[in-house]
Amino acid sequence: MTEPKKPVFWYQGLFLQPQHFQQADLSHQSSLGPPKDKVDLIKEYNDVIGGQVCLNISAFERERWIANTVAGNGSGEPTKRRAFNRTMKNIEYASRQLGAVSIQINEANSDDAEKQADIARRMFPGVTVRACLALSDRAGILHETGALSNRDEIGRMSAGRSRVVDCNNTFTGIGGRHFGWLHVNALGKALLCCNDYHFDYTFGDFHADTLKDIWISERHATVIERSFREIYRKCSMAVWK
Ligand code: SF4
């Protein structure tokens with residue numbers, strides 16, 4: 001789809017499928033712990049979560065993980081090394097406690113990706129490991145930062161058509177992100193899509209409102225309509241008519 005030039009990281013999301021409530025925790029690996037915390041909570045509510053925990057990790061060699069993950073956070077070297085050790089321990093704990101942990105290695109270079117995948121499989125034999133070489137364009141933000149450009153892809157997808165009517169990211173239609181998913185950020189705000197990095201398309205606050213009030217609301221409908229005119233037009237996952 002696009003040629004990545006810088007590492008990009010996901011964060012966790014929560015989605016609501018039409019048929020049942022289900023969580024997909026596409027999470028930073030370091031937020032799993034400490035053990036007896038998030039992992040145990042996921043385990044306790046496994047019927048809701050469906051046992052799916054996908055960890056986005058780009059490396060399993062300590063120095064490479066540090067370079068990709070915590071290099072710029074201002075911590076000293078011992079702290080960074082402890083973060084790596086703690087993270088690997090958390091993953092190990094999660095892989096033993098939870099039924100379906102998977103690891104997605106976001107790495108643009110296929111040789112590097114396969115090398116890291118091999119290390120991960122040896123470290124965590126019970127975990128499904130896959131490499132992801134293609135990165136999401138983050139609804140045009142990466143174009144603006146100069147990391148990669150999605151403009152050619154958008155031009156190809158729109159092919160002279162003027163209106164966005166759907167999203168092609170994972171599911172289309174009623175099961176798609178815009179109609180069927182509910183992402184929740186760390187502040188408890190409901191938003192349409194985890195590619196909305198500036199949180200411009202929020203439609204509720206779980207500190208103040210119930211899920212029912214957030215989901216079945218004028219504001220939700222308005223935000224969907226607005227997103228079709230705005231953020232979707234900058235995203236290569238949009239479906240045009
Ligand atoms: S088209 Fe919209 S909902 Fe789909 S991935 Fe892009 S920004 Fe998210």
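Residues numbered from 1 in each chain as written. Predicted model: local features only at pLDDT ≥ 70, side-chain atom pairs only at ≥ 80, totals over all residues.

## Here's the deal with the overall build of the protein
Piece 1. Helix and strand counts for the protein stand at 10 helices and 11 strands.
Piece 2. The buried share of the protein, reckoned over its 241 residues, is 29%.
Piece 3. Within the protein, contacts between residues separated by at least 24 positions form 65% of all contacts whose residues are at least 6 apart in sequence. (Helix = DSSP H or I, 4+ residues; strand = E, 2+ residues; numbered from the N terminus. Buried ≥ 20, exposed ≤ 12 C-beta atoms within 10 Å, placed from the backbone. Contact = placed C-beta atoms within 7 Å.)

## Notes on the nonpolar core
Piece 1. Ranked by internal contacts, the top residues of the largest apolar core, which has 20 residues, are Ala190, Tyr232, Cys235 and Ala238.
Piece 2. Going through the elements one at a time, β7 (164-167) and β9 (189-191) are the ones with two or more residues in this core.
Piece 3. Residues contacting Ala190, with those up to four places away along its chain left out, are Leu182, Val184, Thr202, Phe203, Gly204, Phe206 and Ile214.
Piece 4. Grouped together as the second largest cluster of nonpolar side chains are 18 residues, Leu55, Phe60, Trp65 and Ala94 included. (Core = buried A, V, L, I, M, F, W, Y, C linked by C-beta atoms within 7 Å.)

## A look at unusual backbone geometry
Piece 1. Positive phi outside glycine occurs at Arg138, with the angle close to 55°.
Piece 2. Its place among the elements puts Arg138 in the loop between β6 (128-132) and α6 (141-145).
Piece 3. Even without glycine at this site, Phe199 takes up a positive phi of about 55°.
Piece 4. As for its position among the elements, Phe199 is in the loop between β9 and β10 (202-205).
Piece 5. A residue is classified by how many C-beta atoms lie within 10 Å of it, and Phe199, with 11 of them, is exposed.

## A short note on the pairing of strand β5 (residues 100-106)
Piece 1. As judged from the five bridges shared by strand β4 (residues 52-56) and β5, these two strands associate in the parallel manner. Across the sheet, the residue bridging to Gln52 is Ala100, located in β5.
Piece 2. Here β5 pairs with β6 via five bridges, running parallel. Bridge pairing links Asn106 to Cys132 in β6.
Piece 3. Considered for its hand, the β-α-β crossover made up of β5, helix α5 (residues 110-123) and β6 is right-handed. (Pairing = 2+ DSSP bridges. Right-handed = clockwise from strand over helix to strand, strands pointing away.)

## Some words on the confidence of the model for the protein
Piece 1. In this model, the protein carries an average pLDDT of 83, and 83% of its residues clear a pLDDT of 70 or more.
Piece 2. Confidence drops under a pLDDT of 50 for residues 6-19, and excluding neighbours within four residues, the segment shows 39 contacts in the predicted structure. (pLDDT = per-residue confidence, 0-100.)

## Observations regarding the sheet that holds β10
Piece 1. With antiparallel pairing, the three strands of this open sheet are ordered in space as β8-β9-β10. Single-partner strands in this sheet number two, and they are β8 (183-184) and β10.
Piece 2. Bridge analysis of β8 against β9 gives two bridges, and the strand direction is antiparallel. Residue pairing across strands places Val184 opposite Ala190, the latter belonging to β9.

## Details of the site of the ligand
Piece 1. Contacts to the ligand come from 13 residues, most closely from Cys167, Asn169, Cys193, Cys235 and Met237.
Piece 2. Its residues assigned to classes, the shell around the ligand comprises nine nonpolar, three polar and one charged. (Near = placed C-beta within 6 Å. Nonpolar A, V, L, I, M, F, W, Y, C, P; charged D, E, K, R; others polar.)

## Some words on the packing of helix α3 (residues 62-69) against helix α4 (residues 77-97)
Piece 1. Look at α3 against α4: their axes get within 10 Å of each other, and the N-to-C directions meet at 105°. As judged from the angle between their axes, α3 and α4 are roughly perpendicular. Along its contact with α3, which presents Arg62, Trp65 and Ile66, the element α4 presents Lys80, Arg81 and Phe84. (Axes fitted to C-alpha atoms, helices over the stretch in contact; angles between N-to-C directions. Parallel < 35°, antiparallel > 145°, perpendicular 65-115°, else oblique.)

## Some details on the environment of Tyr201
Piece 1. Examined against the element boundaries, Tyr201 turns out to sit in the loop between β9 and β10.
Piece 2. The spacing of Tyr201 and Arg226 is 25 residues in sequence and 8.3 Å in space, taken between C-alpha atoms.
Piece 3. Ignoring sequence-local partners within four residues, the contact set of Tyr201 consists of Leu191, Leu192, Asp196, Val223, Ser227 and Ile231.

## Focus: the environment of Asn185
Piece 1. Relative to the assigned elements, Asn185 resides in the loop between β8 and β9.
Piece 2. The exposure class assigned to Asn185 is partly exposed, which follows from the 18 C-beta atoms found within 10 Å.
Piece 3. A C-alpha to C-alpha distance of 9.9 Å links Asn185 and Tyr197, two positions 12 residues apart in sequence.
Piece 4. Residues contacting Asn185, with those up to four places away along its chain left out, are Leu191 and Phe199.

## Overview of the environment of Arg163
Piece 1. On the secondary structure map, Arg163 appears in the loop between α7 (151-158) and β7.
Piece 2. Sequence separation between Arg163 and Phe228 is 65 residues; the distance between their C-alpha atoms is 8.1 Å.
Piece 3. Excluding residues that lie within four positions of it along the chain, Arg163 makes contacts with Trp240 and Lys241.

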